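Understanding the architecture of this molecule
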Amino acid sequence: MTHTDPLDPRSLVGIARESEERGDTARSLELYEQAIEFLKDESDLELLADALRWKGTLHREQGETEAAYRCYKESLRYAVRCGSVGSKAHCYNCLAIVSQRRGNLTECERLYMHAADLASKAGDVRLLGIVEHNRGVLMNMRGKFAAAEVRYASSLSAFEKVGDGQSVS
């Protein structure tokens, strides 16, 4: 690829992820938007679902819950269309986080359970660890301390299994 060729959407997503890691949210959102526009015309629906979800998480981290929710719902539509169980699991986890922010804890619990089931089916142990941690937080918020402890232990076990030292800590 020469410097005059437009970047392909995969490269745009990669650069967006790098910008996100550096904390350049505005640049990252701009790059995700460009990639998403290109990806809507392509057949890589799984990458499109991921890019939409990552964009949604940036919005969520900026306190823009409604923008995040819209991205997550659109991401879920593409994850369903392409049949990616892992992408669907990630989407349900993110939608549960939004429900938790909104105070809809019953819906949140349902979504986390669905995300955990799909993460397990996808064989994504790290995601299962994330979801189990989130479920532990929810149980703790509800005063269900024994249930929270079970979820935290499950989360820790998953992170240890995949060697994710940062999440273990």
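Here goes a summary of the coordinates provided. Everything numeric in this text was worked out from a predicted model, so none of it was measured. (Residues numbered from 1 in each chain as written. Predicted model: local features only at pLDDT ≥ 70, side-chain atom pairs only at ≥ 80, totals over all residues. Heavy atoms only, no water.)

One broad trend across soluble globular proteins is that nonpolar side chains are buried collectively. Y72, Y92, Y112 and V131 are the most contacted members of the largest nonpolar core, which has 23 residues in total. The set of elements that each furnish at least two residues to this core consists of helix 4 (65-82), helix 5 (85-102), helix 6 (105-122) and helix 7 (125-141). With 8 residues, helix 5 is the single largest residue contributor to this core. Those residues in contact with Y112 that sit more than four places away from it in its chain are N93, A96, I97, Q100, V131, N134, R135 and L138. Ranked by size, the runner-up nonpolar core spans 19 residues in total, among them L31, Y32, I36 and L45. (Core = buried A, V, L, I, M, F, W, Y, C linked by side-chain atoms within 4.5 Å. Buried < 20%, exposed > 50% of the residue type's maximum accessible area, 1.4 Å probe, protein only. Helix = DSSP H or I, 4+ residues; strand = E, 2+ residues; numbered from the N terminus. Contact = heavy atoms within 4.5 Å.)

The next point concerns the side chain of N134. Mapped onto the elements, N134 comes out in helix 7. The class for N134 is buried, based on a relative accessible area of 14%. If near-sequence neighbours (up to four positions away) are discounted, N134 is found in contact with N93, I97 and Y112.

Quick look at the pattern of salt bridges now. Summed over all chains, the structure comprises 14 salt bridges. Linking E74 and K40 is a salt bridge whose minimum nitrogen-to-oxygen distance equals 3.0 Å. With E74 in helix 4 and K40 in the loop between helix 2 (25-39) and helix 3 (45-61), this pair connects stretches of sequence that are 34 residues apart. In this structure, E132 engages R135 in a salt bridge whose closest nitrogen and oxygen atoms are separated by 2.9 Å. On the criterion of helical spacing, the pair formed by E132 and R135 is a turn pair, its members being 3 residues apart in helix 7. In this structure, a network of salt bridges that share partners links the residues D8, R10 and D44. (Salt bridge = Lys/Arg side-chain N within 4 Å of Asp/Glu carboxyl O.)

Our focus in this paragraph is the packing of helix 7 against helix 8 (residues 145-161). Viewed as axis vectors pointing N to C, helix 7 and helix 8 meet at an angle of 160°, and their least axial separation amounts to 7 Å. Taken together, the axis directions place helix 7 and helix 8 in an arrangement best described as roughly antiparallel. The two elements helix 7 and helix 8 meet at a crossing, and its hand is left-handed. For the pair helix 7 and helix 8, the contacting residues are V125, R126, G129, I130, E132, H133, R135, G136, V137, M139 and N140 in the first and F145, A147, A148, R151, Y152, S154, S155, A158, F159 and K161 in the second. (Axes fitted to C-alpha atoms, helices over the stretch in contact; angles between N-to-C directions. Parallel < 35°, antiparallel > 145°, perpendicular 65-115°, else oblique. Left-handed = near helix turned anticlockwise from the far one by under 90°.)

For helix 3, with 17 residues, the first-to-last C-alpha span of 24 Å sits near the 24 Å given by 1.5 Å per residue. Two residues or fewer past helix 3, G63 is found with a positive phi of approximately 85°. (Expected span 1.5 Å × (residues − 1).)

The next point concerns the packing of helix 5 against helix 6. Running from N to C, helix 5 and helix 6 point in directions that differ by 160°, and their axes come no closer than 8 Å. By the angle class used here, helix 5 and helix 6 are roughly antiparallel. The two elements helix 5 and helix 6 cross, and the hand of that crossing is left-handed. From helix 5, V85, G86, K88, A89, Y92, N93, L95, A96, I97, S99 and Q100 reach across to helix 6, where they touch L105, E107, C108, L111, Y112, H114, A115, L118, A119, K121 and A122. Residues of the contact of helix 5 with helix 6, tallied by class, amount to 14 nonpolar, 5 polar and 3 charged. (Nonpolar A, V, L, I, M, F, W, Y, C, P; charged D, E, K, R; others polar.)

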